[in-house]
Amino acid sequence: MIQTIRKAWGIPELRKKIIFTLIILLIFRIGNAITVPYVNVTLLGQYLHQMSTTVLGLYNVMSGGAFAQATVFALSIQPYINASIIIQLLTIAIPALERLARDGGEEGKRKIQSITRYTTIGIAVLQGFGYFMLMKNYDLLSVSDPTIWNALVIIVSFVAGSSFVMWLGEQITEFGIGNGISIILFAGILSRVPTMVSNLIAFGQEESINWLWDLLLIVGVVALFIFIVFINDSERRIPVQYAKRQVGRKMYGGQSSTLPMKVNMSGVLPVIFAQSIASLPATIAAFMKAPEEGTFWYSFLQLIDTKSILYMIVYFMMIIGFSYFYSTIQFNPVEIANNLKKQGGFIPGFRPGKPTVDFIKKVLNKVTLFGAIYLGIVAICPLILGKIVGNPNLAIGGTSVIIVVGVALETVQALESQMLMRQYKGFLE
């Protein structure tokens, strides 16, 4: 990775793109330090620290800690991610959007992108209003009796900040290196690493944890990184043979190729979705008054708490379910089989048509199951470790590690592809 960045820095055009990306990230970090007016940041930070295992804790990590400080970029790119997922699902459910995405070409992509932007603003308004109501109900504002003007300033600041972050991500995608939204998400999570490390050290000192536990934790994190990198690059390659055909005096085809299926086809989306839904009861319970011990509601909340065994089981099963859902969206065996048939290709040992579709479905189900179990293990391990050592702050560590490693590998691949393209361009010139 370091060697790739060093080579890319030696190319003037890529150096400009890297510098541009770094400048955008600097603007993002500056925005994360500008707080919104009328908010008591100290009380808000203490409150969200108590809710670190809920969805609000996930939002705080994704925003790089800006959510707990009520900065201009507190909502970060969460509205854009939610909007992208919603539009992606609607593209399958609504035939008009499906035709626009499939047959619209570049114009169709621009229209869908425009719809996604408007949806992002709508979701940002809802999240900004909900965030304001949370701070108002729990007396986390610096004004005792907030007016409509106070509410308007806070909500508009959150919406404007989220829209600006979306624009920054698009600028990186167009003029910088890699996917801008992913890189901003990567930068936000990475900025939380010093805080996470200091919290772990402080927790170890408070609980008098042996240095051996710290060593095992470091070894576990390194092993988790290696495991994620290995799975991220793993794929199942189905051999494909193309029949020979003669066009005029020339003979085409007769070549061998492969149909790759990535083990982790859906990325980290199943984990984010599963965690948001599985922790929703605990999040709602955190907004309500705590029940007394010995009551039914106290026992019920303990049962669905994010540190409970039931939560871990439901969380794991949801990850598997969403993994299958996203693999079905992204990989259509019928369409793949039809494209192979049109191009004169076939899978050795299987006739074109339904036998090929059945074989691709069988392989897809096996690969998806392995990828889903991998995501579940990575997401559950920090939960189990946090339960053993008694530190709930490890609850979303697996999600963060998957995102950081995935985006880093994706950005390095983008650099390598651009360097390769410029080598070909220089050769042709």
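Residues numbered from 1 in each chain as written. Predicted model: local features only at pLDDT ≥ 70, side-chain atom pairs only at ≥ 80, totals over all residues. Heavy atoms only, no water.

Helix and strand content of the protein: 19 helices and five strands. Across the 429 residues in the protein, those meeting the buried criterion constitute 43%. Looking at the protein alone, contacts between residues at least 24 apart form 75% of all its contacts between residues at least 6 apart. Working note: accessible area of the protein is about 23,500 Å², and carbon and sulfur atoms make up 65% of it. (Helix = DSSP H or I, 4+ residues; strand = E, 2+ residues; numbered from the N terminus. Buried < 20%, exposed > 50% of the residue type's maximum accessible area, 1.4 Å probe, protein only. Contact = heavy atoms within 4.5 Å. Areas by Shrake-Rupley, 256 points an atom, 1.4 Å probe, with all protein chains shown as cover.)

Here the focus is unusual backbone geometry. Of note in this structure, Tyr38 is not a glycine but carries a positive phi near 70°. In this fold, Tyr38 is placed in the loop between α2 (12-31) and α3 (41-50). Tyr38 sits in the partly exposed class, given a relative accessible area of 27%. Positive phi is not limited to glycine here, since Ser76 has a value of about 50°. On the accessibility criterion, Ser76 (1% relative accessible area) is buried.

Let us look at the packing of α2 against helix α9 (residues 148-175). Where α2 contacts α9, the axes come no closer than 9 Å and their chain directions differ by 170°. Considering the angle they form, α2 stands roughly antiparallel to α9. Packed against α2, whose contacting residues are Lys17, Phe20, Thr21, Ile24, Leu25, Ile27 and Phe28, the element α9 presents Phe164, Val165, Leu168, Gln171, Ile172 and Phe175 at the interface. Considered class by class, the residues forming the contact of α2 with α9 number ten nonpolar, two polar and one charged. (Axes fitted to C-alpha atoms, helices over the stretch in contact; angles between N-to-C directions. Parallel < 35°, antiparallel > 145°, perpendicular 65-115°, else oblique. Nonpolar A, V, L, I, M, F, W, Y, C, P; charged D, E, K, R; others polar.)

Under the criterion given, the structure shown has three cavities of 30 Å³ or more. Each pocket or cavity is described by its volume, and for the second largest cavity that value is around 60 Å³. Along its surface, the second largest cavity is lined by Lys262, Val263, Asn264, Met265, Ser266, Ser323, Ser327, Thr368, Gly371, Ala372 and Leu375. Of the residues that constitute the lining of the second largest cavity, the class distribution is four nonpolar, six polar and one charged. (1 Å grid on protein atoms, 1.4 Å probe; cavity = no way out; pocket = protein on both sides within 12 Å on 5 of 7 lines; lining within 4 Å. Points joined across faces, edges and corners; volume = space filled by probe spheres on them.)

Right, let's get into the layout of surface pockets. Roughly 1,800 Å³ of internal volume is contained in the largest pocket. If you trace the largest pocket, you find 50 residues lining it, with Ser84, Gln88, Asn179, Leu269 and Gln330 closest to the centre. Looking at side-chain class alone, the lining of the largest pocket contains 23 nonpolar, 19 polar and eight charged residues.

Turning to the packing of aromatic side chains, a few remarks are in order. The tally for this structure, following the rule as stated, stands at ten aromatic pairs. Ring plane angle 75° and centroid distance 6.0 Å describe the contact between Phe20 and Phe175, whose orientation is recorded as edge-to-face. Note that Phe20 is positioned in helix α2 and Phe175 in helix α9, a separation of 155 residues in sequence. The exposure class assigned to Phe20 is partly exposed, which follows from its relative accessible area of 27%. By way of ring pairs, the aromatic residues Phe28, Phe73, Phe164 and Trp167 are connected into one cluster. (Phe/Tyr/Trp six-rings, centres within 6.5 Å; stacked < 30°, edge-to-face > 60°.)

For the rest of this paragraph, the subject is the sheet that holds strand β5 (residues 345-346). Spatially, the three strands line up as an open sheet ordered β4-β1-β5, and their pairing is antiparallel. Here the strands that pair on one side only, and so sit at the sheet edges, are β4 (256-262) and β5. In this structure, strand β1 (residues 235-242) lies alongside β5, joined through two bridges in antiparallel fashion. The residue of β5 that forms the bridge with Tyr242 is Gly345. (Pairing = 2+ DSSP bridges.)

Here we take up the pattern of salt bridges. In this structure the tally under the stated criterion is four salt bridges. Here Lys354 ties to Asp358 by a salt bridge, and the two come within 2.9 Å at their closest N and O atoms. Here the residue Lys354 and the residue Asp358 both occupy positions in helix α18 (residues 354-389), the gap between them amounting to four residues, near one helical turn. (Salt bridge = Lys/Arg side-chain N within 4 Å of Asp/Glu carboxyl O.)

This paragraph deals with helix α17 (residues 333-342). Turning to α17, its buried residues are Pro333, Ala337 and Leu340. All buried residues of α17 lie within an arc of 60° about the axis, which places them on one face of the element. Of the residues flanking the start of α17, the one acting as N-cap is Asn332, its side-chain oxygen 3.2 Å from the backbone nitrogen of Val334. (Arc of directions from axis to C-beta. Polar contact = N/O pair within 3.5 Å; in protein donor to acceptor, adjacent residues only side chain to side chain.)

This next bit is on the environment of Ile272. On the secondary structure map, Ile272 appears in helix α13 (residues 269-278). Sequence separation between Ile272 and Phe322 is 50 residues; the distance between their C-alpha atoms is 9.8 Å. Setting aside residues no more than four positions away along its own chain, Ile272 makes contact with Met62, Thr399 and Ile403.

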